[in-house]
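# Results of the structural survey
Given next are the chains, with one letter for each unit.
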Amino acid sequence: MKTTFLTGFLLLCACTLTAQSQPSTKTISVEVSNSWSKDKADAPVVLKIKDLQPGFRVRSAVVMNGNEEIPSQLDDLNGDLKADELAFVMDIPAKSKKMLTITLSSAKTDKTYPSRVFAEMLIRDTKKQKHAPIQSVTVPGTTNFYSMLHGHGPMFESELVAYRVYFNQKQTVDPYGKFKKGLEIQESRFYPNDEQLARGFGDDVLMVGNSCGIGALKGWDGTKATHIEPIAFRTESILAYGPVRTIADVTVKGWDYQGKELNMTNRYILYAGHRDLLVETFFDAPLQDEVFCTGVQNIMGNETLSESDHKGLVGSWGRHWPVNDTVKYAKETVGIATYIPQKYIRKEVKDKDNFLYTLSAPGSDRFHHYTMFTSCKETFGYPTPEAWFAYMREWKEELQHPVQIKIKN
């Protein structure tokens, strides 16, 4: 009798331990549709984990389109080491729908996908000529940290383009143009050497100066764009490294601006297969009557070509030296475009460095805009201002027709 009881107890314990060791899973059907009249390539799809209601901590996910697995990634956006969003890109024909099957799991996975994006931020030791990767760094607003980071801030790329965001009061977005599609920054680190240049690597293609560069958000004093200063603290971080998208944050606290003290984050999101950045701007409290600005750089003064639809889209095209060394480096020709949703726009303006729109969002704690560039060195890009301005109009139309997402169960 005692033996029977003991055997039963051990079996119960074994079953309990086995049950506890089994991962939790949930399978969800998600419909993704493209109601637009044109096909979409690498369309971003983002699902918030809380909307999927898994009931457990999600550590891995698998996205299936029929028998085809779609590479995806889970992103922690608030630093608590828990996934907040599931992101992937997919092709979807015009006027069509795709039913996807998504399996969430509490178990970690060793599965990896080929990376189509790359991001890094490096702190430098100039004496030893070494660099160490960092994920985030915060400094007082009075600290000049610009030269202590290799590349002067976080660097990130897709197959088409690369960017960096300056770690200083300018917070300018600076571009790196490529001859051919592919990932280069891990090797070139934004500064290709002679051997890499001979192999066809790209490099810096724009001297941004005091401008907004490629669609950087700026303050507005009524006549010109202003830098993000004075502030109490500045933080720059990389939140997502791929394989599908990169996310870089620039956060300022205690920004003394237009009689207010603002805490603001600019979030730069770059997807695989894309040259454009989604720029999301967040505040820790609803805005009142504060006015900001963004747009495109006036690349070379009066000789710059520009175009605007006067409804949130503005572009420029010009040719100039990208760096101070005008002997080793030739002039570069680039096109820039920025699009701001019309509900945020207050006025179309310009100053000597930029073609701009002012924007605001009273009563809201956020707004967003988009920006991108092309370099004339691209073998896959837009070689003339006419081609660039035509593409930027198509780009705006596509942004106005995102895919629709429905969680079915």
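Residues numbered from 1 in each chain as written. Predicted model: local features only at pLDDT ≥ 70, side-chain atom pairs only at ≥ 80, totals over all residues. Heavy atoms only, no water.

The protein is annotated in an unreviewed UniProt entry as DUF4861 domain-containing protein of Bacteroides clarus YIT 12056.

Right, let's talk about the overall build of the protein for a bit. In terms of helices and strands, the protein carries 5 helices and 28 strands. Considered along the principal axes of its C-alpha atoms, the protein spans approximately 95 × 55 × 50 Å. Expressed as a percentage of its 409 residues, the buried residues of the protein come to 51%. Long-range pairs, those at least 24 residues apart, make up 69% of the contacts in the protein with a sequence separation of at least 6. A total of about 19400 Å² of accessible surface is found on the protein, and carbon and sulfur atoms cover 52% of it. (Helix = DSSP H or I, 4+ residues; strand = E, 2+ residues; numbered from the N terminus. Buried < 20%, exposed > 50% of the residue type's maximum accessible area, 1.4 Å probe, protein only. Contact = heavy atoms within 4.5 Å. Areas by Shrake-Rupley, 256 points an atom, 1.4 Å probe, with all protein chains shown as cover.)

Within the secondary structure, Glu 31 is located in strand 1 (residues 25-34). The buried charged residue Glu 31 lacks any salt bridge partner; its closest oppositely charged side chain belongs to Lys 408, at an N-O distance of 4.1 Å. (Lys, Arg positive; Asp, Glu negative; His and termini not counted. Salt bridge = Lys/Arg side-chain N within 4 Å of Asp/Glu carboxyl O.)

Here the focus is the pairing of strand 24 (residues 332-339). The buried count for strand 24 comes to 8 of 8 residues, which makes it a mostly enclosed element. The two faces of strand 24 match: Glu 332, Val 334, Ile 336 and Thr 338 on one face and Thr 333, Gly 335, Ala 337 and Tyr 339 on the other face are all buried. Relative to strand 24, strand 23 (residues 313-320) is paired through 8 bridges, and the arrangement is antiparallel. Paired with Ser 316 across the two strands is Ile 336, which belongs to strand 24. Of the strand pairs in this sheet, strand 24 and strand 27 (residues 366-375) are connected by 6 bridges, and their pairing is antiparallel. By the bridge assignment for strand 27, Tyr 339 is matched with Tyr 370. (Pairing = 2+ DSSP bridges.)

What follows concerns helix 5 (residues 385-399). Under the 1.5 Å per step criterion, the end-to-end length of helix 5 is 21 Å for 15 residues, consistent within 8% with the ideal 21 Å. What helix 5 keeps buried is the set Pro 385, Trp 388, Phe 389, Tyr 391, Met 392, Trp 395, Lys 396 and Leu 399. The buried residues of helix 5 occupy an angular sector of 160 degrees when projected down its axis, which confines them to one face. Residues of helix 5 that are buried make contact with strand 22 (305-308), strand 23, strand 24 and strand 27. (Expected span 1.5 Å × (residues − 1). Arc of directions from axis to C-beta.)

On the basis of which strands lie adjacent, the open sheet formed by 5 strands has the order 16-15-21-26-25 and antiparallel pairing. Looking along the sheet, the strands with just one partner apiece sit at the ends: strand 16 (225-226) and strand 25 (345-350). With 6 bridges joining them, strand 21 (residues 292-297) and strand 26 (residues 354-359) adopt antiparallel strand pairing. Pairing of Gln 297 across the sheet is with Asn 354, part of strand 26.

Right, let's get into unusual backbone geometry. Along the chain, Glu 229 connects to Pro 230 via a cis peptide bond; the corresponding omega equals -10 degrees. Looking along the chain, the bond that leaves Gly 242 and enters Pro 243 is cis, with omega of 15 degrees. Considering the arrangement of structural elements, one finds Pro 243 in the loop between strand 17 (233-241) and strand 18 (245-257). The phi torsion at Gln 53 lies on the positive side, around 50 degrees, for a residue other than glycine. Following the sequence through the fold, Gln 53 ends up in the loop between helix 2 (49-52) and strand 3 (60-65).

The volume enclosed by the second largest pocket comes to roughly 760 Å³. What lines the second largest pocket is a set of 30 residues, and nearest its centre among them are Arg 59, Leu 74, Asp 75, Asp 76 and Ala 83. Of all elements in the fold, only strand 3, strand 5 (72-75) and strand 17 reach the threshold of two or more residues within the lining of the second largest pocket. Residue composition of the lining of the second largest pocket, by class: 12 nonpolar, 11 polar and 7 charged. (1 Å grid on protein atoms, 1.4 Å probe; cavity = no way out; pocket = protein on both sides within 12 Å on 5 of 7 lines; lining within 4 Å. Points joined across faces, edges and corners; volume = space filled by probe spheres on them. Nonpolar A, V, L, I, M, F, W, Y, C, P; charged D, E, K, R; others polar.)

Before going further, it helps to examine the nonpolar core. By size, the foremost hydrophobic cluster in this structure holds 80 residues, and its most contacted members are Phe 156, Tyr 163, Trp 255, Phe 292, Phe 367 and Trp 395. When near neighbours in sequence (up to four residues on either side) are disregarded, Trp 255 contacts Gly 219, His 227, Ile 228, Glu 229, Pro 230, Ile 231, Lys 260, Glu 261, Leu 262, Met 264 and Phe 292. (Core = buried A, V, L, I, M, F, W, Y, C linked by side-chain atoms within 4.5 Å.)

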